[in-house]
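# Reading the structure
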Amino acid sequence: MASYYTVGVMTKPHGLRGEMKVYPRTDFPEKRFAAGSKLYVRPEGGSPIAAVEVRSGRRQQNMWIVGFKDLVTIHDVERWRGMELCVEEAQLEPLPEGTYYIHQLVGLQVYTEEGVFVGELKEVLTPGANDVYVVRGPLSRDDILLPAIPDCILKVDIAANRMTIHLLPGLIGDDES
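Residues numbered from 1 in each chain as written. Predicted model: local features only at pLDDT ≥ 70, side-chain atom pairs only at ≥ 80, totals over all residues. Heavy atoms only, no water.

### A few points about the environment of Leu 167
Applied cut-off: Put simply, DSSP marks the helices as runs of H or I at least four residues long and the strands as runs of E at least two long, and each gets a number from the N terminus on. Should any heavy atoms of two residues lie within 4.5 Å, those residues are considered in contact.
Relative to the helices and strands, Leu 167 is located in the segment after β12 (162-165). Once residues lying within four places of it in the same chain are set aside, the contact partners of Leu 167 are Thr 112, Leu 139, Leu 146 and Ile 172.

### Focus on the sheet that holds strand β2 (residues 19-24)
Condition: Two strands qualify as a pair provided that DSSP identifies no fewer than 2 bridges between them. Fitted lines through C-alpha atoms serve as axes, helices being fitted only where they are in contact, and the angles separating the N-to-C directions of these axes extend from 0 to 180 degrees.
What the 6 strands build is a closed barrel, ordered β1-β2-β5-β4-β3-β6; its pairing is antiparallel. Here the strands of the sheet are splayed against their neighbours by 50° on average, with no regard to which way each runs. Strand direction decides the pairing type here: strand β3 (residues 38-42) and strand β4 (residues 50-60), joined by 4 bridges, are antiparallel. Residue pairing for β4: Val 41 is matched across the bridge by Ala 50.

### Quick notes on the layout of surface pockets
The condition that has to hold: In this analysis a 1.4 Å probe is tested at points of a 1 Å grid over the protein atoms alone, and where it fits but cannot get out there is a cavity; an open set with protein on both sides within 12 Å along at least five of seven lines is a pocket; lining residues have an atom within 4 Å of a point. Grid points are joined across faces, edges and corners, and a volume is the space filled by probe spheres set on the points.
Empty space within the largest pocket amounts to approximately 930 Å³. Around the largest pocket sit 29 residues that line it, and Arg 25, Asp 27, Tyr 100, Tyr 101 and Ile 102 are the ones nearest its centre. Looking at the lining of the largest pocket, the elements with two or more residues in it are β1 (4-14), α3 (102-105) and β8 (117-125). Of the residues forming the lining of the largest pocket, the biggest block, 4 residues, is contributed by β1.

The values are spatial; any link to function lies outside them.
Given below as structure tokens:
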């Protein structure tokens, strides 16, 4: 079964010509919402219910206005309010060396540079300047929040399902028992 990855969320129709306002969830909106791009429509986290081809796309502030081939009225797209636009895994853009998609990181087993098991990477937060990796495991009662910076993240080995880290002072509370 194919895996699909969300590149945008359709918020509401724009105008009367079958265009939707789309909140982008991709680093490549210019490519994903360009004329000719092939996308899939699905309910949040569900299976695709339709394949669409982008007829037009343009940025409007922090959103995109996207029109689809053969869908030319508001009535053609109204039912997709709140649904996701996604791509298949084969359509993912290659990333520069040393960078990863979030879905590649979640589930990694995290170890210190000394080989101590810290836990499993459960979530990636994107608050601003750098991502934060949420790790849950036996080393701490609370989730450990690791900044995704070179001083902390020493090695990511997707094939081995392993991340090696340097535990910076203060990342684990001193009140652990």
